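# Survey of secondary and tertiary structure
Here are the chains, one letter per residue:
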Amino acid sequence: MTALTWLTDPFTYEFMQRSLLVTVVASIVCALLSCWLVLIGWSLLGDAVSHAVLPGVVLSYIVGIPFAAGALVFGFGAVALIGAVRDTTRLKEDAVIGVVFTTLFAIGLVLVSVTPSHIDLSHILFGNLLGVTDADIWQVVVLGALTTAVLVVKRRDLTLLAFDPVHAHAIGLSPRRLRALLLAALAITVVVALQAVGVILVVAMVITPGATAFLLTDRISRMLVIAPAVAALCAVAGMYASYCLDASSAGMIVLMQGLAFGVAYSATWRSRRVRA
């Protein structure tokens with residue numbers, strides 16, 4: 001009984017329960033999206049969008065509107081800007097992504113530096129998981145549910161886009177519209193995860209779970225189960241570890257996802273050696 005109490009004690013506090021809810025929802029949404037980002041090769045784009053929303057977050061604070069509003073505007077804007085520059089220059093996509101996201105991120109840092117000092121930069125960059133409000137919870141749950149529903153409904157079309165966009169076009173699907181849908185989902189997902197882990201660590205949540213699942217299976221249907229399951233477990237383990245060690249909640253959650261990837265890599269590497 002003592003051991004059980006010791007295990008459950010962290011989550012008897014209301015702030016831990018609220019934080020856990022936000023973290024699990026954000027982790028599951030990010031994990032689902034990460035499967036297609038990994039398959040299509042858009043991991044760097046996830047990095048770009050997660051950093052590009054910083055100016056929107058700061059401007060939202062200055063104007064006095066919810067962070068999600070500014071983050072969504074700059075998330076969609078970054079995606080549109082990357083596409084426009086890519087289509088009108090000879091630059092490759094990775095170069096365009098690098099230029100756009102670093103520039104927007106720098107703009108955000110400049111805005112923070114010239115804005116009154118009572119803005120806590122660490123909360124914007126690394127999240128404020130232990131201080132989520134009722135409005136934050138509703139924002140994460142509603143946007144998370146919307147994004148998850150769209151991804152689940154369109155999972156077959158998105159999978160076909162990842163593996164064979166030519167065939168998708170041949171059967172009447174529009175690869176351009178599917179890419180736009182996936183990019184919109186990415187922008188919304190970044191906003192969902194922003195409250196949990198902040199601008200900098202969002203990229204890990206939209207890449208690592210999908211990469212871990214990719215190592216463990218060669219079927220997309222299984223990836224869509226493994227990735228959210230691993231992400232949710234890492235969310236719980238990360239929250240628990242942060243409580244016990246008095247460490248950063250966001251950092252511990254991402255660290256747990258990195259450890260899960262390491263375990264998956266080690267397991268699959270050894271199995272490949274045995275087969276060889």
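Bear in mind the structure is a predicted one, so any value in this text is a computation, not a measurement.

Right, let's get into the pattern of salt bridges. One pass over the structure, following the stated rule, counts four salt bridges. A salt bridge links R86 to D87, with the nearest nitrogen and oxygen atoms 3.3 Å apart. For D87, a relative accessible area of 54% puts it in the exposed group. Residues D157 and K154 are paired through a salt bridge, measuring 3.0 Å at the closest nitrogen-oxygen approach. Here the residues in one salt-bridge network are E14, R18 and D134, joined through shared partners.

Within this structure's numbering, the places UniProt gives as "transmembrane region" (unreviewed entry) are residues 20-45, 57-83, 95-115, 135-153, 224-243 and 249-268. The span residues 20-45 carries 92% helix and 0% strand; its end-to-end C-alpha distance comes to 27 Å. In residues 249-268, helix accounts for 100% and strand for 0%; the two terminal C-alpha atoms are 29 Å from one another.

Together, L59, Y61, I62, V63, I65 and F67 line one region of the surface with nonpolar side chains, adding up to about 510 Å² of accessible area. By residue number, the principal contributor to the nonpolar patch is helix α4 (residues 54-63), which donates four residues. Residue class for I65 comes out partly exposed when judged on its relative accessible area of 39%.

Two numbers describe how helix α2 (residues 14-40) lies on helix α8 (residues 134-153): the axes approach to 10 Å, and their chain directions differ by 25°. Taken as axis vectors, α2 and α8 run roughly parallel relative to one another. For α2 against α8, the interelement crossing comes out left-handed. Within the contact between the two elements, α2 uses R18, L21, V22, V25, A26, V29, L32, L33 and W36 and α8 uses D134, I137, V140, V141, G144, T147, T148 and L151. Considered class by class, the residues forming the contact of α2 with α8 number twelve nonpolar, three polar and two charged.

This part covers the packing of α2 against helix α13 (residues 220-245). Relative to each other, α2 and α13 sit at 145°, their axes nearing to 8 Å. Judged by the sense of rotation from one axis to the other, the crossing of α2 with α13 is right-handed. Listed contacts from α13 to M16, S19, L20, T23, V24, S27, I28, A31, L32, C35, W36 and L39 of α2 are I220, M223, L224, A227, P228, A231, A232, A235, V236, M239 and Y243. In the contact of α2 with α13, the residues fall into 20 nonpolar, three polar and no charged.

The rules we used
- Residues numbered from 1 in each chain as written.
- Predicted model: local features only at pLDDT ≥ 70, side-chain atom pairs only at ≥ 80, totals over all residues.
- Heavy atoms only, no water.
- Salt bridge = Lys/Arg side-chain N within 4 Å of Asp/Glu carboxyl O.
- Buried < 20%, exposed > 50% of the residue type's maximum accessible area, 1.4 Å probe, protein only.
- UniProt positions renumbered as here; feature names shortened; annotations may be inferred.
- Helix = DSSP H or I, 4+ residues; strand = E, 2+ residues; numbered from the N terminus.
- Patch = residues over 30% accessible without salt bridge, like charges linked within 9 Å, V, L, I, M, F, W, Y side chains within 5 Å.
- Areas by Shrake-Rupley, 256 points an atom, 1.4 Å probe, with all protein chains shown as cover.
- Axes fitted to C-alpha atoms, helices over the stretch in contact; angles between N-to-C directions.
- Parallel < 35°, antiparallel > 145°, perpendicular 65-115°, else oblique.
- Left-handed = near helix turned anticlockwise from the far one by under 90°.
- Contact = heavy atoms within 4.5 Å.
- Nonpolar A, V, L, I, M, F, W, Y, C, P; charged D, E, K, R; others polar.

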